[in-house]
Amino acid sequence: MSERPWTWEEDGCTVVRGNARSAPGCHNNCGILMYVKDDKIVKVEGDPENPYNQGRLCSRCLAIPEYVYHKDRLQYPMKRVGERGENKWERISWDEAYDTIYEKFTEIKENYGPWSVFFGQGTGRDIHQMTRLAYAYGSPNEGVPYFTGSSCYLPRIASMGVCLGDACVADCSQFLPLRYDDPEYVVPECMIIWGHNPQNANADGFFGHWVTDIMKRGTKLIVIDPQLTWIAARADYWLRIRPGSDGALVMAMLKVMIDEDLYDHEFCDRWVNGMPELIERMKECDFDEMVERCWGDGEKIKEATRFYAKSKPAAIQWGLALDQFTGGQQAAHGVMSLWIITGNLDVPGGNVIGRPCWGIAASNWTGGWGYEELLTQEQKDNRLGTKEYPLFNVGFLNMSPDISIQALETGKPYEIHGAWLQTSNFLSGMGAQPQRLLKAYLKLDFIVVVDLFMTPTAMALADIILPATTFLERIGFSGLNPYYIGAINKAIEPVGDTRPDQQIMLELGKRFNPEAWPWDNLEQMNDYALEQGGFTYKELQESVWKYPEFEYRKYEKGLLREDGELGFNTPSGKAEVYSIIFEHMGLDPLPSYVEPYQSPYSNPEFTDEYPLVLTTGARVPGFFHSEHRQINKLRTLHPDPLVYVHPETAAKNGIKEGDWIYIENMIGKCKYKCSFNKTYDPRVIQTEHGWWFPEGKPEELFGTFESNSNNLIPIHTGKSGFGGCYKAMICKIYKAEV
Ligand SMILES: Nc1nc2c(c(=O)[nH]1)N[C@H]1C(S)=C(S)[C@@H](COP(=O)(O)OP(=O)(O)OC[C@H]3O[C@@H](n4cnc5c(=O)[nH]c(N)nc54)[C@H](O)[C@@H]3O)O[C@H]1N2
Ligand SMILES: Nc1nc2c(c(=O)[nH]1)N[C@H]1C(S)=C(S)[C@@H](COP(=O)(O)OP(=O)(O)OC[C@H]3O[C@@H](n4cnc5c(=O)[nH]c(N)nc54)[C@H](O)[C@@H]3O)O[C@H]1N2
Ligand SMILES: [Mo]
């Protein structure tokens, strides 16, 4: 709570305080001051009093006035009048749009069953109502039905859910409104940053600058990354490994922990399930082989492991890399075992357990709002992937993307006929083998896209496009993080004839099942959701943010289990380095190393032709996935799609810095501009992701297949159904003709 009001007058402007949210896409809820004159956003600033970001904002938020008033923003609903992809559209009213959607989706339901419509979304946007919309219609198939391996955070969430019963995050005091000044907080002595670039990404509700904040207070870093990032350059240890081999590194580290007796016996005896089995597994593990596999330096790995193990407390902040190879789930199990066996679990400055504030889940990660009461058993049974991949049943209500793609392509177990696509431009960003996905989606009878811009996906597939608003044009509450709930306070009226996503779902939801949507407007719907916290939207609006009570060491206080017993919400009641659930599912119950699907070791026969290891998608500051390419302020700083190549590797292939090059493998090829980076192993390259060219031709889908490294990424997941190949493929490079 702040002493200042939520709105005031300043220099001829009305200042509205709020918390940022989507659109545009972002994983954060930064405190923001929006300056409004004549119902127009003039500028935004970070709110210095907000404990989350303490006044700081990134370039994307600062560029928001350009985004809100961009000439390309969709202004009204449209229907397609030419062929798909022909760029022929006609303006329609909201009523006509809703009527058509109701009619077409009802027809599909009657002919093929409601499960034949997918409800697909992107990452971290503020649309948790979409599950309810899907369920009100009768479809259990909600999630990311084009994102092989659910390759973002869900593999880690699933592993934590199974082994810990909860999700953990590195503690930078973010649960405490007093932050670093709270006497209960302890600054970690050591933090491992694993496959993650906090300053560029601010991923999953973890604000990157917190790492710099704790470094100023003494924390020393170990960074695990194939490139020397800004943060790696400031670390005590930078472990440069081969992309996709993180599982080998973590096995080597666990081996050191066990062999050198560096783990916390007292904690393990009381709270950990499976230490004897882990010790046994480590006897079989060959340290040198693991080091060789990850292209690491054995001595440095030993030193770094000792440093982490001896630091009290110590935290691990991990990133996307662990989700994006097929052995990611097993590697994640290994990484979390590090923080478990060192006793850095749910202690100040360690890896702490976070749950939705007051149980109010505004997160769209795992689906669920209305699942129990709105779906029939038959509908639930038709959720795709639950039989093939039982891990989708443990706390997860999403469909499996890989089985969804199979259903699209083969009609098995049943045919798919329609799709509601809200917040995803998957042909440019999420989708591996995007041209294969395009072909599969073109078979559908009816597709609705809800977005703010005419994206390649909307252009290629939409039969109806609905224009959504930014967060400045609506009310709501932010709840993607487990630390606090912040008000999304409307600063201006919607631009043109756009509507908030939440209102669109409320209005359409009412058509499918009025009883499931008993609210007259967004404020009532928000009040309903916030009821559990004991406050209304109006109260939240005025206080701008509210923090729930927070406690460390919840397992010692009986706060994690429904039965009120001490311990963790797992079958053994303990933190499971040996997972009883994985064992039941026929998955490896212990951490292990799984070689990526395609690599110099799994397919040595390809190394002559494709000698380089390819990783993709390291975040750049000005773009969120495929967004912001039309925002001049940001694009000027980063005009072209870049591939990062070691100068020696470039020279060997006759390539100079700034040349356009082809990157190619057995799946496909793409074209990027070469940028030198000496910090990679010469055998490794990295591309950016999410590129399309809004300035390009709509009928050519804005060139989105040209510089799209997903052309080289197969649709292929791991044994558990989690983890794709985005950060571990093989390839070759050569100069492109100009
Ligand atoms: N090669 C490679 N590919 C990757 C990755 C990688 O590392 N490498 N990363 C992957 C990861 S981790 C993820 S999560 C995916 C992300 O993939 P997506 O989440 O699908 O991201 P975008 O492609 O940007 O598509 C988002 C679309 O939603 C629109 N949008 C933004 N906010 C809102 C909103 O509030 N409402 C509505 N209606 N629309 C909105 C945007 O304009 C944009 O068109 O990409 C994945 N793709
Ligand atoms: N500006 C911006 N911010 C974003 C996004 C965005 O598109 N733009 N996307 C958001 C989303 S959805 C996500 S999931 C997060 C992701 O954010 P992060 O978790 O930070 O993930 P990346 O930036 O993809 O990769 C992080 C680091 O991993 C390294 N890396 C690549 N391959 C490997 C590997 O195999 N092993 C290891 N150990 N490291 C590897 C890369 O070089 C990079 O420095 O960012 C979120 N924030
Ligand atoms: Mo992501």
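Since we're looking at a predicted model, the values are computed, not measured. (Residues numbered from 1 in each chain as written. Chains lettered and ligands numbered in written order. Predicted model: local features only at pLDDT ≥ 70, side-chain atom pairs only at ≥ 80, totals over all residues. Heavy atoms only, no water.)

**Q** Which parts of the structure should I look at to understand the site of ligand 1?
**A** In the region of ligand 1, 33 residues are neighbours, and Ser424, Gly429, Asp451, Asp501 and Asn710 sit closest. Residue Val450 places a main-chain N or O atom 3.0 Å away from a nitrogen atom belonging to ligand 1. A distance of 3.0 Å separates an oxygen atom of ligand 1 from a polar side-chain atom of Lys727. In isolation ligand 1 offers 920 Å² of accessible surface; the protein chains occlude 99% of this area. Looking at side-chain class alone, the shell around ligand 1 contains 10 nonpolar, 17 polar and six charged residues. (Near = heavy atom within 4 Å. Polar contact = N/O pair within 3.5 Å; in protein donor to acceptor, adjacent residues only side chain to side chain. Areas by Shrake-Rupley, 256 points an atom, 1.4 Å probe, with all protein chains shown as cover. Nonpolar A, V, L, I, M, F, W, Y, C, P; charged D, E, K, R; others polar.)

**Q** Would you mind showing me how to read the state of the cysteines here?
**A** Covalent bonding between the sulfur atoms of two cysteines defines a disulfide. By the definition in use, this model includes zero disulfides. Residue Cys13 stays outside any disulfide, its sulfur separated by 17 Å from that of Cys61, the closest cysteine. A relative accessible area of 9% places Cys13 in the buried class. Unpaired in terms of disulfides, Cys294 finds its nearest cysteine sulfur in Cys285, a separation of 11 Å. Cys294 sits in the buried class, given a relative accessible area of 0%. (Disulfide = S-S within 2.5 Å. Buried < 20%, exposed > 50% of the residue type's maximum accessible area, 1.4 Å probe, protein only.)

**Q** Looking at this model, I keep getting lost on the packing of helix H8 (residues 246-259) against helix H12 (residues 298-310). Mind explaining?
**A** For any two helices packed against each other, the geometry comes down to the angle between their axes and how far apart the axes lie. Running from N to C, H8 and H12 cross one another at 65°; their axes reach a closest spacing of 9 Å. In the crossing of H8 with H12, the sense of the turn from one axis to the other is right-handed. Facing H8, whose interface residues are Leu249, Ala252, Met253, Val256 and Met257, H12 presents Ile301, Lys302, Thr305, Tyr308 and Ala309. For the contact of H8 with H12, the class distribution of residues is eight nonpolar, one polar and one charged. (Axes fitted to C-alpha atoms, helices over the stretch in contact; angles between N-to-C directions. Helix = DSSP H or I, 4+ residues; strand = E, 2+ residues; numbered from the N terminus. Left-handed = near helix turned anticlockwise from the far one by under 90°. Contact = heavy atoms within 4.5 Å.)

**Q** I tried to follow the site of ligand 2 on my own but got confused; where do I start?
**A** Of all residues adjacent to ligand 2, which total 33 residues, the nearest are Ala201, Asp225, Asp246, Phe623 and His625. Measuring from an oxygen atom of ligand 2, one finds a backbone N or O atom of Gly617 at 3.4 Å. Contact distances for ligand 2 include 3.5 Å between a nitrogen atom and a backbone N or O atom of Pro621. Across the shell around ligand 2, the residue classes break down as 14 nonpolar, 14 polar and five charged.

**Q** Please explain helix H13 (residues 328-341) as it appears in this structure.
**A** Because the α-helix completes a turn every 3.6 residues, residues three or four places apart line up on one side. Taking 1.5 Å of rise per residue, 14 residues should cover 20 Å, and H13 covers 20 Å from first to last C-alpha, within 8% of that figure. In terms of residue burial, H13 counts as a mostly covered element, since 14 of its 14 residues are buried. Looking at the residues trailing H13, positive phi occurs at Gly343, about 70°. (Expected span 1.5 Å × (residues − 1).)

**Q** Got a minute to help me understand the packing of helix H3 (residues 94-112) against helix H19 (residues 501-512) in this structure?
**A** The contact between H3 and H19 brings their axes to 10 Å, and the two run at 50°. Classed by the angle they form, the pair H3 and H19 counts as oblique. For the pair H3 and H19, the crossing hand works out as right-handed. When H3 is examined against H19, the residues Trp94, Asp95, Tyr98, Asp99, Ile101, Tyr102, Phe105 and Thr106 are found in contact with a partner set consisting of Gln503, Ile504, Glu507, Leu508, Arg511 and Phe512. Here the contact of H3 with H19 is built from residues that sort into eight nonpolar, two polar and four charged. (Parallel < 35°, antiparallel > 145°, perpendicular 65-115°, else oblique.)

**Q** Explain the sheet that holds strand S4 (residues 40-46) here, please?
**A** In space, the four strands of this open sheet follow the order S1-S2-S3-S4, with antiparallel pairing throughout. Each edge of the sheet is formed by a strand with only one pairing partner; in this case those strands are strand S1 (7-10) and S4. Taking each pair of neighbouring strands and ignoring which way they run, the sheet shows an average axis angle of 30°. Bridge analysis of strand S2 (residues 13-19) against strand S3 (residues 31-37) gives six bridges, and the strand direction is antiparallel. Counterpart to Arg17 in the pairing with S3 is Leu33. (Pairing = 2+ DSSP bridges.)

**Q** I would appreciate a short explanation of the pattern of salt bridges in the present structure.
**A** For side chains bearing opposite charge, pairing can occur when the charged atoms are close. In this structure the tally under the stated criterion is 39 salt bridges. Between Arg125 and Glu627 there is a salt bridge whose closest N-O contact spans 3.6 Å. Separated by 502 residues along the polypeptide, Arg125 in the loop between strand S7 (117-121) and helix H4 (129-137) and Glu627 in the loop between strand S23 (612-616) and helix H23 (632-635) bring together distant segments of the chain. Of the two residues examined, Arg125 and Glu627, each falls in the buried class. When the shortest N-O distance is used, the salt bridge between Asp126 and Arg474 registers 3.0 Å. Taken together, the residues Asp126 in the loop between S7 and H4 and Arg474 in the loop between strand S18 (464-467) and strand S19 (476-478) connect sequence positions 348 residues apart. With respect to burial, Asp126 and Arg474 carry one shared label: buried. Each of Arg4, Arg17, Asp47 and Glu49 takes part in salt bridges that share partners, so that together they form one network. (Salt bridge = Lys/Arg side-chain N within 4 Å of Asp/Glu carboxyl O.)

**Q** Would you explain H12 in this entry?
**A** Its 13 residues give H12 an end-to-end C-alpha distance of 18 Å, which sits within 8% of 18 Å, the value for a rise of 1.5 Å per residue. Among the residues making up H12, those that are buried are Gly298, Ile301, Ala304, Thr305, Tyr308 and Ala309. One face of H12 carries all of its buried residues, which in axial projection span an arc of 130°. Residue Asp297 occupies the N-cap position of H12, its side-chain oxygen lying 3.1 Å from the main-chain nitrogen of Glu299. (Arc of directions from axis to C-beta.)

**Q** Is there a simple way to think about the sheet that holds S19 in this case?
**A** In spatial order, the strands read S19-S20-S21; together these three strands make up an open sheet with antiparallel pairing. What marks the edges here is a single partner per strand, and that holds for S19 and strand S21 (545-546). Summarising the sheet, S19 and strand S20 (residues 485-488) pair through three bridges and their orientation is antiparallel. Within S20, the residue paired with Phe477 across the bridge is Ala487.

**Q** Sorry, what's going on with the pairing of strand S11 (residues 220-224) here?
**A** Residues in a regular strand project their side chains so that they alternate between the two faces of the sheet. In terms of burial, S11 is a largely internal element, four of the five residues being buried. Inspection of the sheet shows strand S10 (residues 190-194) paired to S11 by five bridges, in the parallel sense. Along S11, the bridge assignment pairs Trp194 with Ile224. When S11 meets strand S12 (residues 237-239), the two strands line up parallel, connected through three bridges. Residue pairing across strands places Ile222 opposite Tyr237, the latter belonging to S12.

**Q** Looking at this model, I keep getting lost on the environment of Pro48. Mind explaining?
**A** With respect to the helices, strands and loops of the structure, Pro48 is situated in the loop between S4 and helix H1 (59-62). Since its relative accessible area comes to 52%, Pro48 is described here as exposed. Separated by 298 residues in sequence, Pro48 and Asp346 have C-alpha atoms that sit 28 Å apart.

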